[in-house]
Amino acid sequence: MADCLYTENSYLKEFDAKVTSAKGKYIILDKTSFYPNSGGVEWDTGKISNRKDGKVYNVIYVGKFEGDISHEIDKEGLNAGDEVHCVIDWERRYKLMRYHTAAHLISGIFNRKYNLLITGNQLTPDKGRIDLNMEKFDIDFIKKIIDEANEFINKDLSVDIYYKDIEEAKKDPSLFKLAVGFPHEVKNLRIVDIRGFDAQADGGCHVKSLKEIGKITFLEAINKGKNNRRIYFILED
Ligand SMILES: [Zn+2]
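Given the structure is predicted, the values throughout are model-derived calculations rather than measurements.

Student: Explain the sheet that holds strand S6 (residues 56–65) here, please?
Tutor: Pairing within the closed barrel is antiparallel, and its six strands lie in the order S2-S3-S7-S6-S5-S8. Each strand axis lies, on average, 45 degrees off the axis of its neighbour in the sheet, ignoring direction. The pairing of strand S2 (residues 14–23) with strand S3 (residues 26–29) spans four bridges and is antiparallel. For alanine 22, the partnering residue across the bridge sits in S3 and is isoleucine 27.

Student: Before we go on, may I ask you to explain the domain arrangement of the protein chain in this structure?
Tutor: Here the domain parsing of the protein chain yields domain 1 (3–88) and domain 2 (93–236). Inter-centroid distance (C-alpha atoms) of domain 1 to domain 2 is 27 Å. Across the contact, 14 residues belong to domain 1 and 20 residues belong to domain 2. Taken as a group, Ser10, Tyr11 and Glu42 account for 42% of the area that domain 1 buries against domain 2, more than any other trio of residues on that side. Linking domain 1 with domain 2 are one salt bridge, by the criterion used here. Two residues, arginine 93 and aspartate 44, come together in a salt bridge whose shortest N-O distance is 2.8 Å. Applying the counting criterion to the domain 1 and domain 2 interface returns 11 residue pairs in polar contact (both at pLDDT 80 or more). At three residues, the largest contribution of residues to the side of domain 1 that touches domain 2 is made by helix H1 (residues 5–8).

Basis of the calculations
Residues numbered from 1 in each chain as written. Predicted model: local features only at pLDDT ≥ 70, side-chain atom pairs only at ≥ 80, totals over all residues. Heavy atoms only, no water. Pairing = 2+ DSSP bridges. Helix = DSSP H or I, 4+ residues; strand = E, 2+ residues; numbered from the N terminus. Axes fitted to C-alpha atoms, helices over the stretch in contact; angles between N-to-C directions. Domains from an automatic or database assignment. Contact = heavy atoms within 4.5 Å. Buried area = accessible area lost by both parts, 1.4 Å probe. Salt bridge = Lys/Arg side-chain N within 4 Å of Asp/Glu carboxyl O. Polar contact = N/O pair within 3.5 Å; in protein donor to acceptor, adjacent residues only side chain to side chain.

Have a look at this one:
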């Protein structure tokens, strides 16, 4: 499996790599920092250029298929063995990072403070969605949680990433609240820790401190039937 550069450094904007497989418009690299559509977080876009002839290819979709991160480009032309330079669309990625950390923060409040179960999330560069299991459909309560999240942002807690031995981690079920179907066969588990508040097993990209999220604004809440509530929020700079 290719080296996953974004797990070590979410702020890496460009890198060099080698094409290990090219099937038409679907490219696999020996290492990549393009985040694949996964865990309810949308994929990165950007550019891949061939170092030999300077030709530039737009990355339009990134997904994970049978363990490999596959980059869909806008035209054919790259071949296995090509040395390439890759640039992430940073504006899009940074928004996704801010939304991802914001979703952990909001979920952490629902979960740790009010013992409510998060059932899913969908994060795009424009909007965040969190699904939760809550008996009463109480919009004022949801708004209160968003206010509390903004108070946390004002405290500007750091967001730390480190690894924990899997056997050690399994003793703390709170680490797996957001990680549905997280691969448990790994030896070391990547932890995203909003310092002093909420730690989760997570493979995604996050900002380094809560201030970077900006301000969270409640957009709407939808009643999806029996105990299922869907919350939408946006971020302001
Ligand atoms: Zn996450």
